[in-house]
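What follows is the residue order along each chain.
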Amino acid sequence: MRKRISTLLLAGATAIALAGCGSGGGSDTAGVAGVAEDGKITMGFSQVGAESGWRTANTKSVQGAAKDAGIELKFSDAQQKQENQIKAIRSYIQQKVDVIAFSPVVESGWDTVLKEAKNAKIPVVLTDRAVDSADTTLYKTFLGSDFVEEGRKAGKWLVEQRKDDAGPVNIVELQGTTGSAPANDRKAGFAEVIAADPKFKIIASQTGDFTRAKGKEVMEAFLKSNPDIDLLFAHNDDMGLGAIEAIEGAGKTPGKDIEIITVDAVKDGMQALADGKINYIVECSPLLGPQLMDLAKKVVKGEQVPARVVTEETTFTPEQAKEVLSTRQY
Ligand code: GZL
């Protein structure tokens, strides 16, 4: 698509130069924002993987929104490996797509490939997760949740719930994928809030890589080495659901013997919340597709977009989960 546009523009530019008899400097057609002649935009999208219910819902939202927006979507699943995402982005550059969008599996290590996209004059949109590049000209915008705030919301619920508890409150934490923005930021936000009272003690914290299986495995280890766990903070529902299996396997009652806070609010998590096995869920919406496509169309046209677009989200108690469960989209 881009190749065709460049050729067309080059022909057009040449025609103008000839007619104007050297009307000025050379034409830089390569820098012209995508002006797809038939209006069809091609997006190269690199997805993290398929590690959780959230990710499945996010993929569905992106694919459905591209279809609705008339955007041709080239989609790749990186199986949670950064090298696969870098390969996919390089492939999209080779294919001269109009725009590249991706959810970076981890925060660091993107500058080189993003510079390649910039040099190829292909705009990049970050969605879901952020990168820690100092050079913010490497991408046009970042659409996604405020993960630090999600961690704070989890901490605030705990502090309120346990305000009359003398403590100690022994907490174990299942972190998301090591090095990922949601793991780093949810951990930081939660720790920031509970630091207000030394009775809150994180006695163990380890990655469960956002998956149910790993969450179960790590929670089993926590239970073996910590007999007096009061609460689990899991960075996503899927690890919390795996932990529930481990807690029940140890003969304890999730939601009572060990309280559980998770993040996401996918259907399985909301069901466990309604059933009282999870005590509180901080929502993180995966339905980013429509906003992503709107932003993509704007950046292809060279229009200004906000550097940061934060998604709206809420929190749920068991009672609230019971009310909304039947209406949840994911
Ligand atoms: C958050 C997203 C996280 C979810 C997990 O925006 O990147 O990755 O919280 C998912 O469920 O695996």
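Everything discussed here concerns the structure shown above.
All values reported here derive from a predicted model rather than from experimental measurement. (Residues numbered from 1 in each chain as written. Predicted model: local features only at pLDDT ≥ 70, side-chain atom pairs only at ≥ 80, totals over all residues. Heavy atoms only, no water.)

Peer 1: Help me get a handle on the overall build of the chain, residues and values and all.
Peer 2: From N to C terminus, the chain includes 11 helices and 12 strands. At a minimum sequence separation of 6, the contacts of the chain that also span at least 24 residues come to 74%. In the structure as shown, the chain presents an accessible area of about 14500 Å², 52% of it carried by carbon and sulfur atoms. (Helix = DSSP H or I, 4+ residues; strand = E, 2+ residues; numbered from the N terminus. Contact = heavy atoms within 4.5 Å. Areas by Shrake-Rupley, 256 points an atom, 1.4 Å probe, with all protein chains shown as cover.)

Peer 1: Explain the side chain of threonine 211 residue by residue, including any values.
Peer 2: Residue placement: threonine 211 occurs in the loop between β7 (200-207) and α7 (212-225). Among residues more than four places away in sequence, those in contact with threonine 211 are Glu51, Gln80, Asp238 and Met239.

Peer 1: A description of the side chain of arginine 186 should follow, citing residues and the corresponding values.
Peer 2: For arginine 186, the position within the fold is in helix α6 (residues 181-194). Side-chain polar atoms of arginine 186 contact the backbone oxygen of histidine 235, separated by 2.7 Å. Aside from chain neighbours lying at most four places away, what touches arginine 186 is Phe147, Glu150, Gly151, Ala181, Phe210, Phe233, His235, Val263, Asp264 and Cys284. (Polar contact = N/O pair within 3.5 Å; in protein donor to acceptor, adjacent residues only side chain to side chain.)

Peer 1: Tell me about helix α2 (residues 53-69), residues and numbers included.
Peer 2: Relative to the 24 Å expected for 17 residues at 1.5 Å per residue, α2 spans 24 Å between its end C-alpha atoms, a close match to the ideal helical length. Three or more residues of α2 are buried, namely Trp54, Arg55, Ala57, Asn58, Thr59, Ser61, Val62, Ala65 and Ala66. Taken from the residues just after α2, glycine 70 is the one with a positive phi, measuring 70°. (Expected span 1.5 Å × (residues − 1). Buried < 20%, exposed > 50% of the residue type's maximum accessible area, 1.4 Å probe, protein only.)

Peer 1: Any details on the sheet that holds strand β9 (residues 259-264)? Residues and values, ideally.
Peer 2: Strand pairing in a sheet is mediated by backbone hydrogen bonds. Such pairs are either parallel or antiparallel. Taken together, the 6 strands give an open sheet; going across it, the order is β7-β6-β8-β9-β10-β12, and neighbouring strands pair in mixed fashion. Edge positions in the sheet fall to β7 and β12 (315-316), since each of these pairs with one other strand and no more. Taken together, the 2 bridges between strand β10 (residues 280-283) and β12 define a ladder with antiparallel strand orientation. Pairing of valine 282 across the sheet is with threonine 315, part of β12. (Pairing = 2+ DSSP bridges.)

Peer 1: Can you tell me about the environment of threonine 42, naming the residues and giving the values?
Peer 2: Following the sequence through the fold, threonine 42 ends up in strand β1 (residues 41-47). Between the C-alpha atom of threonine 42 and that of valine 97, which follows or precedes it by 55 residues, the distance is 5.4 Å. Looking at threonine 42, its side chain comes within polar contact range of the side chain of glutamate 72, at 3.4 Å.

Peer 1: Can you break down the packing of aromatic side chains residue by residue, with the values?
Peer 2: Both the distance between ring centres and the angle between the ring planes are used here to describe each pair of aromatic rings. This model, assessed by the stated rule, comprises 4 aromatic pairs. When the ring of phenylalanine 45 is compared with that of phenylalanine 75, the centres are 5.7 Å apart and the planes differ by 5°; the resulting orientation is stacked. A residue pair is termed long-range when its members are at least 10 positions apart, and phenylalanine 45 in strand β1 and phenylalanine 75 in strand β2 (residues 71-77) qualify at 30 residues. You can call phenylalanine 45 buried: its relative accessible area is 0%. Among the residues examined, phenylalanine 75 registers a relative accessible area of 30% and is labelled partly exposed. (Phe/Tyr/Trp six-rings, centres within 6.5 Å; stacked < 30°, edge-to-face > 60°.)

Peer 1: Requested: an account of the pattern of salt bridges, with residues and values cited.
Peer 2: For the structure shown, the criterion picks out 20 salt bridges. The closest approach of N and O atoms between glutamate 149 and arginine 152, which form a salt bridge, is 2.8 Å. Of this pair, glutamate 149 and arginine 152 both sit in helix α5 (residues 147-161), 3 residues apart, which is roughly one turn of that helix. Residues glutamate 283 and arginine 328 are paired through a salt bridge, measuring 3.3 Å at the closest nitrogen-oxygen approach. Note that glutamate 283 is positioned in strand β10 and arginine 328 in the segment after α11 (318-324), a separation of 45 residues in sequence. Judged on exposure class, the residue glutamate 283 and its partner arginine 328 are both buried. (Salt bridge = Lys/Arg side-chain N within 4 Å of Asp/Glu carboxyl O.)

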